[in-house]
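Residues per chain are reported as follows:
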Amino acid sequence: MEELDRKPKTSDDDHVDELLNRDYEAGFVTDIESESLPPGLDEGVIREISKRKEEPEFMLEFRLNAYRDWLKMTEPEWAHVNYEKVDYQSISYFSAPKLNDGPKSLDEVDPELLATYEKLGISLKEQEVLAGVQGAPKVAVDAVFDSVSVATTFKETLNEAGVIFCPISEACREHPELVQKYLGTVVPTSDNFFAALNSAVFSDGSFVYIPEGVRCPMELSTYFRINAANTGQFERTIIIADKGSYVSYLEGCTAPMRDENQLHAAVVELVALDDAEIKYSTVQNWYPGDENGKGGIYNFVTKRADCRGVNSKVSWTQVETGSAITWKYPSCILTGDNSVGEFYSVAVTNKRQEADTGTKMIHVGKNTRSTVISKGISAGRSNNSYRGLIKILPNAEGARNYTQCDSLLMGDQCGAHTFPYIEGKNPTAQVEHEATTSKISEDQLFYCLQRGLSEEDAVGLIVNGFCKEVMKNLPMEFAVEAQKLLGISLEGSVG
Amino acid sequence: MLKIENLHASVGDKAILKGINLEVKPGEVHAIMGPNGSGKSTLSYVLAGRDGYEVTDGSVTYNGEDLIEKDADERACDGIYLAFQYPVEIPGVSNSYFLRAAVNAQRKHRGEDELDAMGFLKLAREKAKLLELPDNLMHRPVNVGFSGGEKKRNEIFHMAVLEPQLCLLDETDSGLDIDALKTVANGVNSLRSPDRAMIVVTHYQRLLDYIVPDQVHVLSGGKIVKSGDKDLAKQLEAEGYGDLVAA
Ligand SMILES: Nc1ncnc2c1ncn2[C@@H]1O[C@H](COP(=O)(O)OP(=O)(O)O)[C@@H](O)[C@H]1O
Ligand SMILES: [Mg+2]
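Cut-offs used in this document
Residues numbered from 1 in each chain as written. Chains lettered and ligands numbered in written order. Predicted model: local features only at pLDDT ≥ 70, side-chain atom pairs only at ≥ 80, totals over all residues. Heavy atoms only, no water. Helix = DSSP H or I, 4+ residues; strand = E, 2+ residues; numbered from the N terminus. Rg over C-alpha atoms; globule rule 2.2 N^0.38 Å. Buried < 20%, exposed > 50% of the residue type's maximum accessible area, 1.4 Å probe, protein only. Contact = heavy atoms within 4.5 Å. Areas by Shrake-Rupley, 256 points an atom, 1.4 Å probe, with all protein chains shown as cover. Lys, Arg positive; Asp, Glu negative; His and termini not counted. Charge placed at Lys NZ, Arg CZ, Asp CG, Glu CD. Pairing = 2+ DSSP bridges. Axes fitted to C-alpha atoms, helices over the stretch in contact; angles between N-to-C directions. Near = heavy atom within 4 Å. Polar contact = N/O pair within 3.5 Å; in protein donor to acceptor, adjacent residues only side chain to side chain. Salt bridge = Lys/Arg side-chain N within 4 Å of Asp/Glu carboxyl O. Patch = residues over 30% accessible without salt bridge, like charges linked within 9 Å, V, L, I, M, F, W, Y side chains within 5 Å. Buried area = accessible area lost by both parts, 1.4 Å probe. Nonpolar A, V, L, I, M, F, W, Y, C, P; charged D, E, K, R; others polar. Donors = N, O, S within 2.8 Å, 3.2 Å for Na, K, Ca; no water. Phe/Tyr/Trp six-rings, centres within 6.5 Å; stacked < 30°, edge-to-face > 60°. Lys NZ or Arg CZ within 6 Å of the ring centre and 35° of its normal. Expected span 1.5 Å × (residues − 1). Disulfide = S-S within 2.5 Å. Right-handed = clockwise from strand over helix to strand, strands pointing away.

**Some remarks on the overall build of chain B**
Tallying secondary structure elements over chain B gives nine helices and 12 strands in all. Relative to the 2.2 N^0.38 estimate, which gives 18 Å for 247 residues, the radius of gyration of chain B is 18 Å and therefore close to what a compact globule would have. Taken along the three principal axes of its C-alpha coordinates, chain B extends 55 × 40 × 35 Å. Counting only residues that meet the buried cut, chain B has 52% of its 247 residues in that class. Partitioning the intrachain contacts of chain B with sequence separation of at least 6 by distance along the chain shows that 70% fall at a separation of at least 24. Summed over its atoms, the accessible surface of chain B is roughly 10,800 Å², and 46% of this surface lies on carbon and sulfur atoms. Charged side chains of chain B number 28 positive and 38 negative; the gap between the two group centres comes to 4 Å.

Here you go:
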């Protein structure tokens, strides 16, 4: 499985393209190859991972505790999907990419997949990487991006500001005190089956620390890492915004990929201290599988923010169009008084996709506020569920929540479901919930066609209008990309 | 420009148009009048190519080509414009964004360069002035929360910007007060030209005081039961559809 994290186009892109197209240094591949472990999972493997990553002792303990928790847990069941269980002993938990089983050239790649890449404006060279063509710089890209040469441009700026932005393994070595202080404090190892597994074996991910009073001088994104086959299934991301700081973080997985059903079990932990703000945006367009539900990614992700400080704020904005199965509830624990949690989401399902997404807003502190805007679009024979929990704890005097869930149906074989759960333990709290379900009307479609728009453009336009309140929270360039994705993922679903 | 011969059309199982003949030449304005339910909107939809409006007999040629074969968006790009009796709301999509997308789709179809934001704005401003369209209507979502009059005015605004060859106006006058009617009529009149034709569908004669037609047709029961010049409209106003409709 490859995974391309993309960031919005910037002037740096030419530079990046250049690097992508550059031949990689010889000798590199063998280095990587020597790093992989055989498939299977036991304590020995975990010790080995930790050793090879030269981790401090506390990390090994963290992993082993998580592993022991995991052994006691059972994998959750999904009643409504044929979810083929993953054989956890067949995965290599510390692995190099499979180098020799890809197609030999783009000619061997499914034309339908290439057509999708075309539409996304992905360059030929990038297409090779994504399609896993043999000899494409799939490993080199990783290395190039991690190498000092690319990193310097933005690293210098970040360094000057005192911002730490590095791979999580580097953080474990270079900033162990920060990692130890925050790792697992938002998502404990025993939180759920996938979080426990992730905690035991994660090898990849980003670490961000914004020091007190600093407004991060640029949007941070994971574009600078491309993960090669079979890695990156267990990413771990930690973002800490210290007092009075601000950061906007973009997570893009907008490259569709062809794959066997594959598990992706990431954990993201955000911590916002007093007066700090974190904006976390995701555009996810993994391969959703075909009409018959074959292939596609299982996306089981634990994303949680702790608004630990007073007046702190976290916004999750996500546009989800991919994955065969998505199970994802970015959440906010509003611990600090006056803290604010926001969740803006667009989830598109088509063909046989199953999405079960939503959010949890846990109001702990006084006068905490949360806003949830969820837009679900279902087409084909897919099912799209919103599941939201608003929990008001006894001390959350004056807490307020506003939730709006809108569903748009395309065709009559798809489903949209809304499950709002409200647990209120404080009589001064106000919780509001609104929900609508609509269809793209024939009137709207004909009106657009009559003005000369093609059906595809018309659908894209209407859908984007439907999602406007969410899209406007995305950084500009990201929004453009997200709009394109909506059009593509819904192509052919009307008429 | 447009030649309709023995046109029969149905919606679902219901036959609505039952043998319409009509020829429209460049520069002409034809009025189609008739009581509610006589098939006026159906005729507009059939010409614009709406899905579900099936031609069961007869033919329609437009600029020498068979129109029936073409999809609605292609017809629009070929210069057929329908001002809707009930303009449709598109939440979240600004009127100017929508219209620019339409303009560029049509330009692309004709092999012309797309208009950039500035170029479009210039064009739109000019036409908006013609129709005294309040600036905020450009930026609000398409037809959402527009008053009845604003919706109709917006239809003619779209038309002015798209500069079609054949304009179908479906009851553009309904819901307009007299001042708005005059503004809209002025807008329409300013678009009259020797190579543009119009079919103006209306229930009332009033609009035709301002947009003076070359020919007037009375539609009843899915057929044209009478044709004449502009005086026919006046006569209908005085005498009602009475006998014609009974026929
Ligand atoms: N979608 C439809 N399904 C069934 N009948 C329809 C439909 N649209 C119009 N009709 C019928 O066709 C006839 C003509 O309607 P219409 O063209 O709207 O008339 P007008 O515009 O002249 O008032 C009416 O009897 C109307 O009820
Ligand atoms: Mg009508």
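So much for the structure itself; the text now carries on.
**Quick notes on the sheet that holds strand E1 (residues 2-11) of chain B**
All names here are of chain B. Here four strands make up an open sheet; going across it, the order is E2-E1-E4-E5 and the pairing antiparallel. Either end of the sheet is taken by a strand with one partner, and the two such strands are strand E2 (14-24) and strand E5 (65-66). Summarising the sheet, E1 and strand E4 (residues 53-62) pair through eight bridges and their orientation is antiparallel. For Lys-3, the partnering residue across the bridge sits in E4 and is Thr-61. Packed on one face of the sheet, helix H1 (residues 40-48) meets E1, E2 and E4 and runs near 110° to E1.

**Considerations on the site of ligand 1**
Residues and elements named next belong to chain B. In the vicinity of ligand 1, the residues found are Val-11, Lys-14, Ile-16, Pro-35, Asn-36, Gly-37, Ser-38, Gly-39, Lys-40, Ser-41, Thr-42 and Tyr-53. Within the contact set of ligand 1, an oxygen atom lies 3.1 Å away from a backbone nitrogen or oxygen of Gly-39. Contacts to ligand 1 include Ser-41, whose backbone N or O atom sits 2.9 Å from an oxygen atom. Contact with the protein chains removes 63% of the 560 Å² of surface that ligand 1 exposes when unbound.

**So, the pattern of salt bridges**
Opposite charge on two side chains permits pairing when their charged atoms draw close. All names here are of chain A. As enumerated under the stated definition, the model contains 22 salt bridges over all chains in all. As a salt-bridge pair, Glu-48 and Arg-52 come within 3.0 Å of each other at their nearest N and O atoms. Of this pair, Glu-48 and Arg-52 are both found in helix H3 (residues 43-52), four residues apart, which corresponds to roughly one turn of the helix. In this structure, the salt-bridge partner of Arg-304 is Asp-191, at a minimum N-O distance of 2.8 Å.

**What about a negative patch on the surface?**
On the surface, a cluster of negative charge is made up of A:Glu442, B:Asp51, B:Asp71 and B:Glu74. Tracing the backbone shows B:Asp71 in the loop between E5 and helix H2 (72-77).

**What about the interface of chain A and chain B?**
Taken together, the contact pairs 19 residues of chain A with 31 residues of chain B. Interface of chain A and chain B: buried area, both sides summed, is about 2,000 Å²; carbon and sulfur atoms make up 64% of it. Sorting the residues of chain A by area buried against chain B places A:Phe446, A:Tyr447 and A:Arg451 first, and these three jointly supply 39% of that buried surface. Here chain A is connected to chain B by two salt bridges. For A:Asp443, the salt bridge goes to B:Arg50, with nearest N and O atoms at 2.6 Å. One can count 12 residue pairs in polar contact (both at pLDDT 80 or more) joining chain A with chain B. If you list the elements that add at least two residues to the side of chain A that touches chain B, you get helix H12 (442-450) and helix H13 (455-466) of chain A. Ranked by the residues each element gives to the side of chain A that touches chain B, the list is headed by H12(A), at eight residues. Of the residues contributing to the side of chain A that touches chain B, the split by class is eight nonpolar, six polar and five charged.

**Examining the coordination of the magnesium ion (ligand 2)**
All names here are of chain B. Protein-derived coordination of the magnesium ion (ligand 2) comes from Ser-41 (OG) and Gln-85 (OE1), at a distance range of 2.1 to 2.2 Å. Of the two residues, Ser-41 is situated in helix H1 and Gln-85 in the loop between strand E6 (80-83) and strand E7 (90-94); the sequence distance between them amounts to 44 residues. Residue classification places Gln-85 among the buried positions, given a relative accessible area of 14%.

**Considering the packing of aromatic side chains**
Per the stated rule, a full pass over the model turns up 15 aromatic pairs over all chains. Centre to centre, the rings of A:Phe446 and B:Phe84 are 5.5 Å apart; their planes meet at 55°, and the pair counts as tilted. Pair noted here: A:Phe446 is in helix H12 and B:Phe84 is in the loop between E6 and E7, and the two residues belong to different chains. One exposure class covers both A:Phe446 and B:Phe84, and it is buried. Ring pairing ties together the aromatic residues A:Tyr67, A:Trp70, A:Tyr88, A:Phe193, A:Phe194 and A:Phe300, which thus form one cluster. Over the face of the ring belonging to B:Tyr45 we find B:Arg50, whose NZ or CZ atom lies 5.0 Å from the ring centre.

**Some remarks on unusual backbone geometry**
Residues and elements named next belong to chain B. In this model, Asn-6 sits at a positive phi of 50°, which is unusual for a non-glycine residue. Tracing the backbone shows Asn-6 in strand E1. One non-glycine residue, Asn-143, adopts positive backbone phi at about 65°. The residue Asn-143 is located in the loop between strand E8 (141-142) and helix H6 (148-162) in this model.

**Some thoughts on the environment of A:Ile168**
Residues and elements named next belong to chain A. Note that Ile-168 resides in helix H9 (residues 168-174). Residue Ile-168 is classed as buried on the basis of its relative accessible area of 1%. In this structure the C-alpha to C-alpha distance between Ile-168 and Phe-202, which are 34 residues apart in sequence, comes to 9.3 Å. Beyond its immediate chain neighbours, meaning those up to four positions away, Ile-168 contacts Phe-202, Asp-204, Gly-205, Ser-206, Phe-207, Arg-236 and Ile-238.

**Focus: helix H3 (residues 95-109) of chain B**
Because an α-helix completes one turn every 3.6 residues, residues spaced three or four positions apart along the sequence face the same direction. All names here are of chain B. Taking 1.5 Å as the rise per residue, H3 with 15 residues should run 21 Å; its terminal C-alpha atoms sit 21 Å apart, in good agreement. Among the residues of H3, those classed as buried are Asn-95, Ser-96, Phe-98, Leu-99, Ala-102, Val-103, Asn-104, Ala-105 and Gln-106. Positioned one or two residues after H3, Gly-111 has a phi angle of 75°, which is positive.

**Here's the deal with the side chain of A:Thr282**
Tracing the sequence through the fold places A:Thr282 in strand E10 (residues 277-284). The residues touching A:Thr282, leaving out its near neighbours within four places in the chain, are A:Glu251, A:Lys303, A:Thr317, A:Gln318, A:Val319, A:Glu320, A:Lys328 and A:Phe478.

**Considerations on the state of the cysteines**
Tallying each qualifying case throughout the model produces zero disulfides over all chains. Take A:Cys414: it sits in no disulfide, and the sulfur closest to it among the cysteines is that of A:Cys467, at 14 Å. Residue B:Cys77 stays outside any disulfide, its sulfur separated by 13 Å from that of A:Cys448, the closest cysteine. Look at B:Cys77 and you get buried, because its relative accessible area is 8%.

**A few points about the pairing of strand E9 (residues 166-170) of chain B**
Residue and element names in this part refer to chain B. E9 sits mainly inside the fold: five of its five residues count as buried. Burial along E9 is two-sided: the residues Leu-166, Leu-168 and Asp-170 and Cys-167 and Leu-169 are all buried. Where E6 lies against E9, four bridges are found, and the strand directions are parallel. Within E9, the residue paired with Tyr-81 across the bridge is Cys-167. Examined bridge by bridge, E9 and strand E10 (residues 197-202) share five bridges and lie parallel to one another. If you follow Asp-170 over to E10, its bridge partner there is Val-201. Handedness of the β-α-β unit built from E9, helix H7 (residues 178-190) and E10 comes out right-handed.

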